[in-house]
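Structural description and commentary
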Amino acid sequence: MPTIDIIIRNKTASAVNPPCIVCGNSDYNVKFNFDEEWQAHNNKIGVFAYNRCGEWQSEKVLFEGDTCPVPALHGVRSVWIGVTAGDVRTSTPADVPCRAGGRPLPQGRNGFFGCSRKAVSRYMGTNP
């Protein structure tokens, strides 16, 4: 499982060399490094906010300790990750890049454009 390391100090979250999340995958975890302010709270809520087609949305994930699963994201370029627990919350979330997932392109003798119309149509999910 790929891990995204996020340090939280003074309610500010910062991602440390974050990988680019591949949309559609559900095997990412966030490992938080909390400062003392968070130590009294074992149960926390990870907040994942993103903009899809001009509309802001968020997903919340309950977790214990310092590791939170990332929900599968679709059609986003980045996700802002924060945390809340009791009366403590991040004031500034960490920005983590995302990219579209996809299948490998079909290969013909000359790459994608060397494929037959039928092969390209199968790849695109349409009929020739």
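It should be noted that the structure appears before, not after, this text.
These lines cover the structure that appears in this document, whether it is placed above or below. (Residues numbered from 1 in each chain as written. Predicted model: local features only at pLDDT ≥ 70, side-chain atom pairs only at ≥ 80, totals over all residues. Heavy atoms only, no water.)

All told, the structure shown has three aromatic pairs when counted by the stated rule. For the pair Phe34 and Trp38, a centre-to-centre distance of 5.2 Å together with 40 degrees between the ring planes defines the contact as tilted. When its relative accessible area of 11% is taken as the criterion, Phe34 is described as buried. Ring pairing ties together the aromatic residues Phe32, Phe34, Trp38 and Phe63, which thus form one cluster. The ring of Phe34 is capped by Lys44, whose NZ or CZ atom sits 4.8 Å from the centre of that ring. (Phe/Tyr/Trp six-rings, centres within 6.5 Å; stacked < 30°, edge-to-face > 60°. Buried < 20%, exposed > 50% of the residue type's maximum accessible area, 1.4 Å probe, protein only. Lys NZ or Arg CZ within 6 Å of the ring centre and 35° of its normal.)

A few words on the nonpolar core. Residues Ile6, Ile21, Phe32 and Val79 are the most contacted members of the largest nonpolar core, which totals 28 residues. Residue assignment for this core shows that the elements contributing at least two residues are strand S1 (3-9), strand S3 (21-22), strand S4 (29-34), strand S5 (43-52), strand S6 (55-64), strand S8 (78-85) and strand S10 (94-99). When residues of this core are assigned to their parent elements, the largest contribution, four residues, is made by S8. Those residues in contact with Ile21 that sit more than four places away from it in its chain are Ile4, Tyr28, Val70, Leu73, Val79, Val96, Pro97, Cys98 and Arg99. (Core = buried A, V, L, I, M, F, W, Y, C linked by side-chain atoms within 4.5 Å. Helix = DSSP H or I, 4+ residues; strand = E, 2+ residues; numbered from the N terminus. Contact = heavy atoms within 4.5 Å.)

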